[in-house]
Amino acid sequence: MKNILVTGGAGFIGSNLVLALQRKYPEARIVVVDDFRSGDFKNLETYRGDFVSADVSRLDLSEKFSDLTFDAIFHEASITDTTIHDQQLQVHDNVEGFRRVLDYAVIHQTPVVYASSAATYGTERTLMQEDMTPAPANIYAFSKVQLDNLARAYAQNNLAWKIVGVRYFNVYGMNEAHKLAAASMIYQLYCQMIAGKRPRVFVGGEQKRDFVSVKDVVDLTIRAVEAPSSGVYNCGSGVPFSFNEVIEALNEALGTALEPEYIENPYSFYQPHTEADMTRTQRDLGFSPTWQPREGIADYVRSLQGA
Ligand SMILES: NC(=O)c1ccc[n+]([C@@H]2O[C@H](COP(=O)([O-])OP(=O)(O)OC[C@H]3O[C@@H](n4cnc5c(N)ncnc54)[C@H](O)[C@@H]3O)[C@@H](O)[C@H]2O)c1
């Protein structure tokens, strides 16, 4: 790949992706588009490429990049704070940003890999499979369903073109600190525990999440360019892991013995269980996650502590 565009590259997943692409294709020209609404320049300290600070939902990509043809576009830009309930804002910025990417990419049929979300499955499911009817429980999830709908419609009209959705589950790893309350529960519990506080989780602590290491997420996102055709692929570890188990794993990694403190759950749209069915991803992309939750958490703690 010679020319690569990454939207949302100053964010958590985007920056890990950009730095991995830089390592994998050292000669490539990489361009990041990000308006810093939730990203942080610190995530890209070692980045050597081009940076366009702009809102992708308002940017004329054809004009901006009139001299460039990209070999692949990775679209990560999105409002990611699920507690933002402004429906007009979430849908405008998330959907129109993607529409602009597709309207630009269609000209040269540039392969597009975009970030979908496990939030599209809603709150009632346990094992989550790509073809299930979406059940968005908040406006963020609704906007992500619209991305999947748009991708499907554009792909149906352009059979030779590849638009691949990677449906991320609960991602954790380096470069997520800037997300504050929207960072992974693993990171939030880690911060509480290194401050010597008891880790706070919702009553019972047995709610399960499919936590996936950003290292696996990046590998799968890059691999998705080679998908046999357009479609959506789950991106999880395939292993549901409870908050109590996360605390156990963190205690192990930190050498502490802090007991959970249980608090009431104020959210009506809370997912009690997320679990990716990874069958299609394994079959079509030949991808199996490297990091199981317990080992992934230990690895993450080592990185956070600079080991
Ligand atoms: N982290 C997860 O667990 C998770 C789970 C499911 C899906 N996702 C999706 O993965 C993608 C990356 O999420 P993240 O966790 O890295 O979040 P993040 O907030 O760290 O990154 C999003 C980046 O996009 C930028 N951005 C947002 N809207 C923009 C716009 N209109 N124009 C330009 N830049 C814009 C932000 O400034 C930020 O740098 C998002 O699409 C998100 O919805 C993430």
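Cut-offs and rules
Residues numbered from 1 in each chain as written. Predicted model: local features only at pLDDT ≥ 70, side-chain atom pairs only at ≥ 80, totals over all residues. Heavy atoms only, no water. Helix = DSSP H or I, 4+ residues; strand = E, 2+ residues; numbered from the N terminus. Rg over C-alpha atoms; globule rule 2.2 N^0.38 Å. Buried < 20%, exposed > 50% of the residue type's maximum accessible area, 1.4 Å probe, protein only. Contact = heavy atoms within 4.5 Å. Areas by Shrake-Rupley, 256 points an atom, 1.4 Å probe, with all protein chains shown as cover. Lys, Arg positive; Asp, Glu negative; His and termini not counted. Charge placed at Lys NZ, Arg CZ, Asp CG, Glu CD. Domains from an automatic or database assignment. Buried area = accessible area lost by both parts, 1.4 Å probe. Salt bridge = Lys/Arg side-chain N within 4 Å of Asp/Glu carboxyl O. Polar contact = N/O pair within 3.5 Å; in protein donor to acceptor, adjacent residues only side chain to side chain. Nonpolar A, V, L, I, M, F, W, Y, C, P; charged D, E, K, R; others polar.

*Asks:* Even after reading the chapter, I still don't get the overall build of the protein, so can you show me in this structure?
*Replies:* Per the secondary structure count, the protein includes nine helices and 14 strands. The C-alpha radius of gyration computed for the protein amounts to 19 Å, which stays within 12% of the reference 19 Å derived for 307 residues, consistent with globular compactness. The principal-axis extents of the C-alpha atoms in the protein amount to approximately 55 × 40 × 40 Å. A buried classification covers 53% of the 307 residues belonging to the protein. For the protein, the proportion of contacts with a sequence separation of at least 24, taken over those separated by at least 6, is 80%. A total of about 13500 Å² of accessible surface is found on the protein, and carbon and sulfur atoms cover 49% of it. Charge separation in the protein, taken as the distance between the mean sites of 28 positive and 38 negative side-chain charges, equals 2 Å.

*Asks:* When you look at the domain arrangement of the protein in this model, what are you seeing that I'm missing?
*Replies:* Accessible area lost when the parts come together is the quantity often used to give the size of an interface. Looking at the assigned domains, one finds that the protein contains domain 1 (3-170 + 213-235) and domain 2 (173-211 + 239-270 + 291-304). With 21 residues of domain 1 at the contact, the number on the domain 2 side is 14 residues. Both sides of the domain 1 and domain 2 interface together cover about 1500 Å² of buried area, and 55% of this is carbon and sulfur. Area buried by domain 1 at its contact with domain 2 is led by Phe12, Asn170 and Lys215, which between them contribute 36% of it. In this structure, the salt-bridge partner of lysine 215 is aspartate 299, at a minimum N-O distance of 2.8 Å. Linking domain 1 to domain 2 there are eight residue pairs in polar contact (both at pLDDT 80 or more). When grouped by side-chain class, the residues that make up the side of domain 1 that touches domain 2 number four nonpolar, 14 polar and three charged.

*Asks:* What should I look at first to understand the pattern of salt bridges in this one?
*Replies:* It is possible for side chains of opposite charge to pair when their charged atoms get near one another. Following the criterion strictly, the structure yields 15 salt bridges and no others. Residues aspartate 55 and arginine 58 are paired through a salt bridge, measuring 2.5 Å at the closest nitrogen-oxygen approach. A salt bridge links glutamate 248 to arginine 294; the nearest nitrogen and oxygen atoms lie 3.3 Å apart. You can see glutamate 248 sitting in helix H7 (residues 243-254) and its partner arginine 294 sitting in helix H9 (residues 293-304), a full 46 residues away along the chain. A residue is classified by how much of its surface remains accessible, and glutamate 248, at 44% relative accessible area, is partly exposed.

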